[in-house]
Amino acid sequence: MIRKKAATLKRNTIRWRSHEPTRLETFSDAVFAFAVTLIIVSLEVPKSFDELFETMKGFVSFGACFTILFLIWNNQNIFFRRYGVVDAYTTFLNGVLLFLVLTYTYPLKFLFTLVFSADGTYLSHGEKLSMIREDQVPTLMYVYDTGYMLIYLLFYLMHRHARNLALKLELTPYEIFETSSQMYINLLNVLIGLLAIIIDFALPGPFKGASGYTYFLIPVVFFIFYRFRARRSKKLFETIE
C-alpha cells in the first residue's frame, strides 16, 4: 500500500522540464534585479537622525513593493521551470511582462508610499507638501489597476500557451489539470483588476480611492477557488485503496 501511495504521489506532481536558466531567464532576472534597485528606499547613508527616521518610514512601502515584485518573479520562474518553453510567442509575452514590471516600478512605489504615509505629505527643503491632489487619485488607481490586470493577463496567456503544447511537452493529465488551474486563477486576478477599474469609474469623486479595497477580495477568491480545485483534484486523481 505504501508503494502505491508513493506511486500516486509521484504521478500527481509537476515535472520540471528546465533545470538550468536560459538566456531569456537570465535576462529576466537582471530586469527584476534592476526593478528592485529602483524601489530601494535610499542609496545615500542618512547624515542625521531626522534623515534616518524619514528613511526608516519608507521601509514599509519598500517591503510591500518588494513582495509584489517577488511574487511576479516567482510566478515567472515556476512557469519556466515547469514547462521550459522559450519559443517566439512565450518570449514575446515575457518581454511584455518585463516591460510592464519596469514601467510600473515607480507608480507602484509611489502608491505604497502614499498608502503607508501618515498624512499623505512629503518634506521638500523643510516644507510639507501634499503627495497627490484629490482629482489625481482616480488616475493613480486606473494606472495601478490596469497594470495589475495586464500582468495577470500575460500569465494567463503563458499558461494557456503551455496547455496548448500539452502533446509536445508530454504533459500528464495531472499537469494539464494544474496548468488549467493556473490559467483560471490568473484569469480571476484579471477580473479583480477589471472590477477595480469599473468601481473606480462608477464611484463619485471623493470616494474614487476606495476601489483599492477591491483587492481584499483576493484571499476570499483564492480560498473558494482552491477549495473547489482540491475537491476536483481529489475526485479525478486520488487512488482508492
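Note: the structure precedes this text.
Since the structure is predicted, the reported quantities are computational estimates derived from the model, not experimental observations. (Residues numbered from 1 in each chain as written. Predicted model: local features only at pLDDT ≥ 70, side-chain atom pairs only at ≥ 80, totals over all residues. Heavy atoms only, no water.)

A.B. asks: Help me out: how do you make sense of the overall build of the protein in this one?
C.D. replies: Counting secondary structure elements, the protein contains nine helices and two strands. Counted from the first residue to the last, the protein has its helices and strands arranged as α-α-α-α-α-β-β-α-α-α-α. Expressed as a percentage of the 241 residues in the protein, the buried residues total 38%. Of the contacts made within the protein by residues no fewer than 6 positions apart, 75% connect residues no fewer than 24 positions apart. As presented, the protein carries roughly 15,000 Å² of accessible surface, and 68% of it is formed by carbon and sulfur atoms. (Helix = DSSP H or I, 4+ residues; strand = E, 2+ residues; numbered from the N terminus. Buried < 20%, exposed > 50% of the residue type's maximum accessible area, 1.4 Å probe, protein only. Contact = heavy atoms within 4.5 Å. Areas by Shrake-Rupley, 256 points an atom, 1.4 Å probe, with all protein chains shown as cover.)

A.B. asks: What am I meant to see in unusual backbone geometry here?
C.D. replies: A positive phi angle is found at Glu170, which is not glycine, with a value near 55 degrees. In this structure, Glu170 sits in the loop between helix H7 (166-169) and helix H8 (173-202).

A.B. asks: I would appreciate a short explanation of the packing of helix H6 (residues 137-164) against H8 in the present structure.
C.D. replies: Packed helices, taken two at a time, are described by the angle between their axes plus the distance between the axes. Contact pair H6 / H8: the axes reach a minimum separation of 8 Å and the direction vectors enclose 160 degrees. Between H6 and H8, the angle falls in the class roughly antiparallel. Considering the relative orientation of H6 and H8, their crossing is left-handed. Of the residues belonging to the contact of H6 with H8, the class tally is 19 nonpolar, eight polar and four charged. (Axes fitted to C-alpha atoms, helices over the stretch in contact; angles between N-to-C directions. Parallel < 35°, antiparallel > 145°, perpendicular 65-115°, else oblique. Left-handed = near helix turned anticlockwise from the far one by under 90°. Nonpolar A, V, L, I, M, F, W, Y, C, P; charged D, E, K, R; others polar.)

A.B. asks: I tried to follow the pattern of salt bridges on my own but got confused; where do I start?
C.D. replies: Where charged atoms of side chains with opposite charge meet at close range, the side chains can pair. This model, assessed by the stated rule, comprises four salt bridges. Among the ionic pairs, Arg82 bridges to Glu178, the shortest N-O distance being 3.4 Å. Of this pair, Arg82 sits in helix H3 (residues 49-83) while Glu178 sits in helix H8, and the two are 96 residues apart along the sequence. In this structure Arg82 comes out as buried when scored by relative accessible area, which is 15%. Relative accessible area serves as the criterion here: at 7%, Glu178 is assigned to the buried category. Ionic pairing is found between Glu178 and Arg229, a salt bridge with its closest N-O pair at 2.1 Å. One end of the pair, Glu178, is in helix H8; the other, Arg229, is in helix H9 (residues 217-237), with 51 residues separating them in the sequence. Per residue, the accessibility class of Glu178 equals that of Arg229, and both read buried. By sharing partners, the salt bridges in this structure join Arg82, Glu178 and Arg229 into a single network. (Salt bridge = Lys/Arg side-chain N within 4 Å of Asp/Glu carboxyl O.)

A.B. asks: Honestly, the packing of helix H2 (residues 23-38) against helix H4 (residues 88-103) in this entry has me stumped. Any pointers?
C.D. replies: Interhelical geometry of H2 versus H4 gives an angle of 10 degrees and a closest axis separation of 10 Å. Relative to H4, the element H2 is oriented roughly parallel. Residues Leu24, Phe27, Ser28, Val31, Phe32, Phe34 and Ala35 of H2 lie in contact with H4, whose contacting residues are Thr91, Asn94, Leu98, Val101 and Leu102. Across the contact of H2 with H4, the residue classes tally to nine nonpolar, three polar and no charged.

A.B. asks: For this particular structure, what's the right way to read the environment of Leu165?
C.D. replies: Among the secondary structure elements, Leu165 is positioned in the loop between H6 and H7. Expressed as a C-alpha distance, the spacing of Leu165 and Tyr83, which sit 82 residues apart in the sequence, is 9.5 Å.

A.B. asks: Hey, could you run me through the packing of aromatic side chains in this one?
C.D. replies: We describe a pair of aromatic rings using the distance from one ring centre to the other and the angle between the two ring planes. Tallying each qualifying case throughout the model produces 16 aromatic pairs. Judged by centre distance (5.8 Å) and plane angle (20 degrees), the ring pair of Tyr213 and Phe216 falls under stacked. Phe216 shares its class with Tyr213; the two are exposed. Taken together, the aromatic side chains of Tyr144, Tyr148, Tyr152, Phe155 and Tyr215 make up a single cluster linked through ring pairs. (Phe/Tyr/Trp six-rings, centres within 6.5 Å; stacked < 30°, edge-to-face > 60°.)

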